[in-house]
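# A look at the structure
Each chain is listed here by its residues.
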Amino acid sequence: MEKMVLLYHFEGIRLAQAHKALEKLPFRIREVKKEEYGYPLGYLAGLPGILPLGKVYEGPQLEQEMVVFAGFIGDDIDKALDAFHQNGLAGVGLKAVLTETNQVWSSLQLFEELKKEHAQMHGKR
């Protein structure tokens, strides 16, 4: 699988910073459009055999930025996160790695799961 970073709800200067952070690393970048939020994460990451099943999403944009790392091994995530920090992107709270379990989830399902986990980690309910 090709190494890919899925970016959600990055706009303006933050989007430019994300591209600058990752441009020298061997990762593809995909800006996920809100219309694609209903498709499986594996499809968005280009996994073979995962079809774009799901509806075209017509709801609102995600409430905050989210990053999904697909095909990353070893210290790839550390390299990406270091690049984010060096380019002013330390504040991305919702991050995930594509797994066998979540590759069939929609972006919306992952977003809700990450929000729950983030709230639990920070003592919020």
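Scroll up to find the structure this text is about.
Residues numbered from 1 in each chain as written. Predicted model: local features only at pLDDT ≥ 70, side-chain atom pairs only at ≥ 80, totals over all residues. Heavy atoms only, no water.

### Describing the nonpolar core
- In this structure, Leu6, Tyr8, Met66, Leu98 and Leu110 are the most contacted members of the largest nonpolar core, which totals 22 residues.
- Mapped onto this core, the elements with two or more residues apiece are β1 (4-8), α2 (41-44), β3 (66-70), β4 (94-97) and α4 (107-121).
- In this structure, Leu7, Leu15, Ala80 and Val92 belong to the second largest nonpolar core, which totals 16 residues. (Core = buried A, V, L, I, M, F, W, Y, C linked by side-chain atoms within 4.5 Å. Buried < 20%, exposed > 50% of the residue type's maximum accessible area, 1.4 Å probe, protein only. Helix = DSSP H or I, 4+ residues; strand = E, 2+ residues; numbered from the N terminus.)

### Topic: the sheet that holds β4
- The mixed open sheet is built from four strands, whose spatial order is β2-β1-β3-β4. Of all the strands in the sheet, just β2 (28-32) and β4 have a single pairing partner and so form its edges. Across this sheet, the average inter-strand angle for adjacent strands is 20°, counted without regard to direction.
- Where helix α1 (residues 12-22) meets the sheet, its contacts fall on β1 and β2, and the angle it forms with β2 comes to roughly 160°.
- Of the strands in this sheet, β1, β3 and β4 are in contact with α4, which crosses β4 at around 115°. (Pairing = 2+ DSSP bridges. Axes fitted to C-alpha atoms, helices over the stretch in contact; angles between N-to-C directions. Contact = heavy atoms within 4.5 Å.)

### Observations concerning the pairing of β2
- Pairing analysis gives five bridges linking β1 to β2, with the strands arranged parallel. If you follow Tyr8 over to β2, its bridge partner there is Val32.
- Tracing the backbone out of β1, into α1 and back to the parallel element β2 gives a crossover that is right-handed. (Right-handed = clockwise from strand over helix to strand, strands pointing away.)

### Observations concerning helix α3 (residues 76-86)
- Taken together, the buried positions of α3 are occupied by Asp76, Ala80, Ala83 and Phe84. Burial along α3 is one-sided: seen end-on, the buried residues are contained in an arc of 105°. Structural note: α3 exposes His85 and Gln86 on the side pointing more than 90 degrees away from its buried face.
- Looking at the buried residues of α3, the elements they touch are β1, α1 and β3.
- Once α3 finishes, Gly88 follows within two positions and takes phi at roughly 80°, a positive value. (Arc of directions from axis to C-beta.)

### Here we look at the pattern of salt bridges
- In this structure the tally under the stated criterion is seven salt bridges.
- Across the salt bridge formed by Lys115 and Glu63, the nearest N and O atoms sit 3.3 Å from each other. Of this pair, Lys115 sits in helix α4 while Glu63 is found in the loop between α2 and β3, placing the two residues 52 residues apart along the sequence.
- For Glu63, a relative accessible area of 58% gives the class exposed.
- For Glu112, the salt bridge identified is with Lys115, shortest N-O distance 3.7 Å. One end of the pair is Glu112 and the other is Lys115, both in helix α4 and three residues apart, which spans about a single turn.
- For Glu112, a relative accessible area of 38% translates into the label partly exposed.
- Put simply, Glu63, Glu112 and Lys115 are held in one network by salt bridges that share partners. (Salt bridge = Lys/Arg side-chain N within 4 Å of Asp/Glu carboxyl O.)

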